[in-house]
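Chains, contacts and geometry: an overview
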Amino acid sequence: MSVRAERPTSATARSAPNRYRTDIQGLRAIASLLVASFHIWFGTVSGGVDLFFVLGGFLLATTLVGELERRGSIRAWQYVKRTATRLFPMAGLVLLVVAVVLLLTAPALSFQRNVTDLFAAATYWENWRLAGDATDYIAAGHDKSAVQHFWAMSVQGQSTLILLGFVLLLGAVAKLAKWPVRRVAIVGFALLTAASFAYALNGVAVDPVPTYYSTWARLWEFGIGAVAALVITRIHLPKTLRAIVGSLGLALVLTAGLLPSSWPYPGLIALYPVGGALLVLIAGASGDPAGGNRLLTWRPLVWLGGFSYGLYLWSWPILKLFVEVFPGRAEPVSFFDGLLLLAVSIAIAWATSRGLKLLGRIRNPLAQIDATAPKWKPNPRLITSVTVPLVALLAFIGVQVAPQVHEDAIEAIELAPAVDNLDELSAVIADAIADPTVPDGRLLSGAEARSEEWELDDCVSVASDEAVDRCAYGSPDAEREVWIVGDSQAVTWAPGFRDALGEDTKLQLMGLSMCPFTSGAGLDSIDHYRETCEGHNSWVVEQATERLPDVVVVTYGAWWVGDGYEHLGDDVGADLGRGSSDYVRALTDLGIEVVWLDSVPPTQDLDECMEASTVSEAARACETPFGDERQQRVDELATEMGESGADVVPTTAWFCDLDLASCPSVVAGTPVHSDPTHIGRQYSLYLSKVIADRVLAPHGF
């Protein structure tokens, strides 16, 4: 596949020097070190990925537009093949190793999540998977997927194909109009950059989390690199000015990660590292490196830049493995542990890069004795390029069998019988505080403890007709229907409600992760979420108007009285309740009965509790105080919800002993939480009879 453009004159062809720039190798090394370091010590982003995107656009435009100018056409398939054989071997090797480790060590309940992540990474759509899950990478600690960092590889792969097609289109325009290729390319990339940047700014204003992973919101970073390759780097600066510009650019690059991580990427804040990369590229475009660019040509950095791709790919799973093996040393990682992790990552990246090169030098042994036998070319990546499609194939097979694996794993868990009533539950909670349970290794936490409605059916966010159909349980012909609305708390109640309702009543989940069923100032606790959440909540009311469920159960988080809600002052609960009142009244005006069900009080440190090995450790780590501030918020919110027409069902006593002002994390051998702020599947089922008695029975169920 190729598009021919007007063949340039020899003078035009000579005007674009093809000088190898060691400072770019150094910049690659800096980018990979920034990504690894900020993940290890800060659990946040550094701007390093933005550097990779800018350099990707710079090199793509240099190669493709340069080929158009020299040859009048682009060998598109050859470019794709070269790119694949350059990127696939290391990516495939990392994915293969991660897959084997997860298969041998991860619990069966996490099998579906793991194989889906591996399939998404191997097929270069991990970014869209994370965008769909609304995973907040910027707020990430060390508890994410072992291949989550492949989102950047997915964006790069998609952008490469998009920009290749874009350059082919620009070449066709140049040919038809008989315009200079470079001029057309400059205008085209400038327009693409402006359009993508506008899309990114709008995206971060509306919903920053999925925008972070969006290829369309990242194209402007590639576009800026492309414009730099075509225009800016042709600027010839005096040596002194080059030194100043390069030093300033390097300073911006190195300090980008220190900016507040709450500022939404890839919006205006991304101009900081991108601008730094641009200054470095400008400063190194003509003459010998000076200033910051001179530092980037330091031989150790250039050496590291040669396998920076491998360092990026290996550093995250190595950190994840460290966290799994030494959880007590992971939050935060110490300075010396971090240095060790960085050194190990560099060593493995170098060794695997070297090994892949040596593997490619193997010759066909038959060629030594048979002149007609094919001689394998010294392509260090050709043989191992098949690892990515191999992992994709194996992961695809795993995805097909994952539901059965998950179901079998759930059935294998020994569940405590549901507690009979609230009085018995109160006694069990008091016993749990008086005689703390030492976790015996069989207690589940994290994703493995989440409900199948969350992990298997993907019902943590229900925002489309397809999701509504997927997240409906019980008989579709049932005469009565119960809805659960709110944020991610809604899906955590599903196991208990399903067990309490049986198959004769339809249960519909309608929650949206991170979106309480409220409006107004309460939503400002989550940056830029007000429009998204208010839109979803209004949509829920519209759906209720059409379908008229019998009961709508409202439940959402917000237990953290201070953190995230300081702007509301002392009346946190009242403000949240007032924001819910209009929605509640809209539902009750339709004749729908509304129930307010509070969420689980968060635990102070669930991981520390799960790792307790003595009764004294369990007593300290597996109980969370329930203070007056929390009780005040409960009372305020309950009052507002009651005045708006909801049936208020107090739930604090379902999790805490109010006389002792304490909430245990393990009750009757059952973990209460799946994570610090959500109910686990086992405890939700443990409460099914209490739900039936206190929530459903008063409404005729």
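1. Brief notes about the overall build of the protein
From N to C terminus, the protein includes 29 helices and 12 strands. Across the 701 residues in the protein, those meeting the buried criterion constitute 55%. For the protein, the proportion of contacts with a sequence separation of at least 24, taken over those separated by at least 6, is 80%. Entry remark: accessible area of the protein is about 29900 Å², with carbon and sulfur atoms responsible for 60%.

2. Some thoughts on helix α7 (residues 150-177)
Counted at 1.5 Å a residue, the expected span for α7 with its 28 residues is 40 Å, and the 40 Å between its end C-alpha atoms agrees. In the segment just after α7, Lys178 is the residue with positive phi, at about 60°.

3. Quick word on a nonpolar patch on the surface
A surface patch of nonpolar side chains, amounting to about 390 Å² of accessible area, comprises Val97, Val101, Leu321, Val325 and Phe326. Contributions of two or more residues to the nonpolar patch are made by α4 (76-105) and α15 (308-325). Mapped onto the elements of the fold, Phe326 is located in the loop between α15 and α16 (335-359).

4. Focus on the pairing of strand β5 (residues 593-597)
Extensive coverage of β5 is indicated by the burial of 4 of its 5 residues. Two strands pair when backbone bridges link them, and strand β4 (residues 551-555) and β5 are joined in this way by 4 bridges, in the parallel orientation. Its bridge partner being in β5, Val553 is matched across the sheet by Val595. Bridge count for β5 against strand β7 (residues 647-649) is 3 bridges, and the pairing is parallel. Looking at β7, one finds that Leu597 is bridged to Val649.

5. Regarding unusual backbone geometry
Located in the positive-phi region is Asp458, a residue other than glycine, with phi close to 55°. For Asp458, the location among the structural elements is in the loop between α19 (452-455) and α20 (465-470). Notably, Ala661 is not glycine yet its phi reads approximately 50°, a positive angle. The topology assignment puts Ala661 in the loop between β7 and β8 (662-664).

6. Things to note about the side chain of Gln112
Mapping Gln112 onto the fold places it in helix α5 (residues 111-122). When residues no more than four places from it in sequence are discounted, the contact partners of Gln112 are Ala402, Pro403, His406, Glu455 and Leu456.

7. Remarks on the state of the cysteines
Note on terminology: disulfide describes a covalent bond linking the sulfur atoms of two cysteines. Going through the model one piece at a time under the given rule, you end up with 3 disulfides. Covalently, Cys459 is tied to Cys471 through a disulfide, its sulfur atoms 1.9 Å apart. With the S-S bond torsion at -95°, the cross-link from Cys459 to Cys471 turns out left-handed. Of this pair, Cys459 sits in the loop between α19 and α20 while Cys471 sits in the loop between α20 and β1 (472-473), and the two are 12 residues apart along the sequence. Residues Cys459 and Cys471 agree in their burial class; the two are buried.

8. Some points on the nonpolar core
Of all hydrophobic cores here, the largest spans 108 residues; its most connected members are Phe150, Trp151, Phe189 and Leu313. Sequence-distant contacts of Phe150, that is, excluding residues within four places in its chain, are made with Ala91, Val94, Leu95, Ala121, Glu126 and Leu313. Listed in part, the 68 residues of the second largest apolar core include Ile433, Leu576, Val667 and Tyr683.

9. Quick word on the confidence of the model for the protein
Low pLDDT means the predicted coordinates in that region are not meant to be read closely. Summary statistics for the protein give a mean pLDDT of 85 and a share of 86% for residues scoring 70 or more. Counting contacts from residues 1-18, a segment whose pLDDT is below 50, to residues more than four positions away or on other chains yields 33 contacts. Low pLDDT, under 50, characterises residues 560-567; the stretch is placed with 16 contacts to residues that sit more than four places away or in other chains.

10. Brief notes about empty space enclosed by the protein
Per the counting criterion, the structure on display carries 3 cavities of 30 Å³ or more. Taken as a whole, the largest cavity spans an internal volume of roughly 110 Å³. Every residue lining the largest cavity is counted, 15 residues in all, and those nearest its centre are Val45, Ser46, Gly47, Val49 and Tyr212. Elements represented by at least two residues in the lining of the largest cavity include exactly α2 (22-41) and α3 (48-71). With 3 residues, α3 is the single largest residue contributor to the lining of the largest cavity. Looking at the lining of the largest cavity, its residues break down into 8 nonpolar, 5 polar and 2 charged.

11. Some details on the environment of Arg585
You can see Arg585 is positioned in helix α24 (residues 572-589). Of the residues examined, Arg585 reaches a relative accessible area of 38% and is grouped as partly exposed. Between the alpha carbons of Arg585 and Ala646 there is a distance of 8.3 Å; along the sequence they are 61 residues apart.

12. Let's talk about the sheet that holds β1
Overall, mixed pairing links the 6 strands, which are arranged β1-β3-β2-β4-β5-β7 in an open sheet. The open sheet is flanked by β1 and β7, the only strands paired with a single partner. As judged from the 4 bridges shared by strand β2 (residues 481-486) and strand β3 (residues 506-509), these two strands associate in the parallel manner. Bridge pairing in β3 places Val482 opposite Leu507. Packed onto the sheet, helix α23 (residues 530-547) meets β2 and β3 and runs at close to 170° relative to β2.

13. Examining the environment of Ala432
Of note, Ala432 is situated in helix α18 (residues 422-434). For Ala432, a relative accessible area of 7% corresponds to the buried category. With 190 residues separating them in the primary sequence, Ala432 and Cys622 have C-alpha atoms 9.6 Å apart. For Ala432, the residues in contact, after removing those within four places along its chain, are Glu623, Pro664, Val666 and Val667.

14. Thoughts on the pairing of β2
Within β2, 6 of the 6 residues are buried, which leaves it mostly tucked inside the rest of the structure. The two faces of β2 match: Glu481, Trp483 and Val485 on one face and Val482, Ile484 and Gly486 on the other face are all buried. With 5 bridges connecting them, β2 and β4 associate as parallel partners. Across the sheet, Ile484 pairs through a bridge with Val553, a residue of β4.

15. Structural notes on the packing of α2 against α16
Working note: a packed helix pair is described by the angle between its axes plus the distance between those axes. Interaxial distance between α2 and α16 falls to 10 Å at its minimum, and their mutual angle equals 140°. Classified by chirality, the crossing of α16 by α2 is right-handed. For the pair α2 and α16, the contacting residues are Leu33, Ala36, Ser37, Ile40 and Trp41 in the first and Phe335, Gly338, Leu339, Leu341, Leu342 and Ile346 in the second. Each residue belonging to the contact of α2 with α16 can be placed in one class, and the counts come to 9 nonpolar, 2 polar and no charged.

16. Some points on the pattern of salt bridges
This structure, assessed with the given rule, holds 17 salt bridges. Between Asp50 and Arg218 there is a salt bridge, and its shortest N-O distance comes to 3.0 Å. Highlighted residues: Asp50 in helix α3 and Arg218 in the loop between α9 (208-213) and α10 (219-230), separated in sequence by 168 residues. Of the two residues, Asp50 and Arg218, both sit in the buried class. A salt bridge links Arg71 to Glu67; the nearest nitrogen and oxygen atoms lie 3.8 Å apart. Here Arg71 and its partner Glu67 are both found in helix α3, 4 residues apart, which amounts to about one turn of the helix. Judged by its relative accessible area of 4%, Glu67 falls in the buried class. Members of the salt-bridge network, linked through shared partners, are Asp50, Arg218 and Glu221.

Procedures and definitions
- What you see as residue numbers is a count from 1 along each chain, following the sequence as written.
- Only residues with pLDDT of at least 70 are given local features in this predicted model, and only at 80 or more are side-chain atom pairs given and counted; all residues enter the totals for whole chains, interfaces and linings.
- The side-chain numbers reported here are obtained from all heavy atoms of the structure, hydrogens and water having been left aside.
- For helices the rule is a DSSP run of H or I covering at least 4 residues; for strands it is a run of E covering at least 2, with both sets numbered from the N terminus onward.
- Partly exposed describes any residue whose relative accessible area lies between the buried limit of under 20% and the exposed limit of over 50%, with all areas from a 1.4 Å probe on protein chains only and scaled to the type maximum.
- Residues count as neighbours in contact if any of their non-hydrogen atoms are within 4.5 Å of one another.
- For every accessible area listed, the method is Shrake-Rupley and the probe measures 1.4 Å; residues are considered covered only by the protein chains on display.
- Expected span of a helix: the number of residues minus one, times 1.5 Å.
- Each patch is built from salt-bridge-free residues with over 30% relative accessible area, joining like charges within 9 Å and nonpolar side chains (Val, Leu, Ile, Met, Phe, Trp, Tyr) within 5 Å.
- Note on definitions: salt bridges are taken to be side-chain nitrogens of Lys or Arg within 4 Å of carboxyl oxygens of Asp or Glu.
- The pairing criterion for strands is at least two bridges between them, as found by DSSP.
- Disulfides are defined in this document as cysteine sulfur pairs within 2.5 Å.
- The nonpolar core is taken to be a set of buried Ala, Val, Leu, Ile, Met, Phe, Trp, Tyr and Cys residues, with the residues joined through side-chain atoms within 4.5 Å.
- pLDDT expresses, on a scale from 0 to 100, how confident the predictor is about each individual residue.
- Any residue with an atom within 4 Å of a point lines the site, the site being either a cavity, points on a 1 Å grid over the protein atoms alone where a 1.4 Å probe fits but cannot get out, or a pocket, an open set with protein on both sides within 12 Å along at least 5 of 7 lines.
- Grid points are joined across faces, edges and corners, and a volume is the space filled by probe spheres set on the points.
- Think of it as three bins: nonpolar holds Ala, Val, Leu, Ile, Met, Phe, Trp, Tyr, Cys and Pro, charged holds Asp, Glu, Lys and Arg, and polar takes everything else, Gly as well.
- Lines fitted to C-alpha atoms define the axes, with helix axes restricted to the stretch in contact, and inter-axis angles between N-to-C directions lie between 0 and 180 degrees.
- Note on convention: the crossing is left-handed when the near helix lies turned anticlockwise from the far helix by less than a right angle, right-handed when the turn is clockwise.

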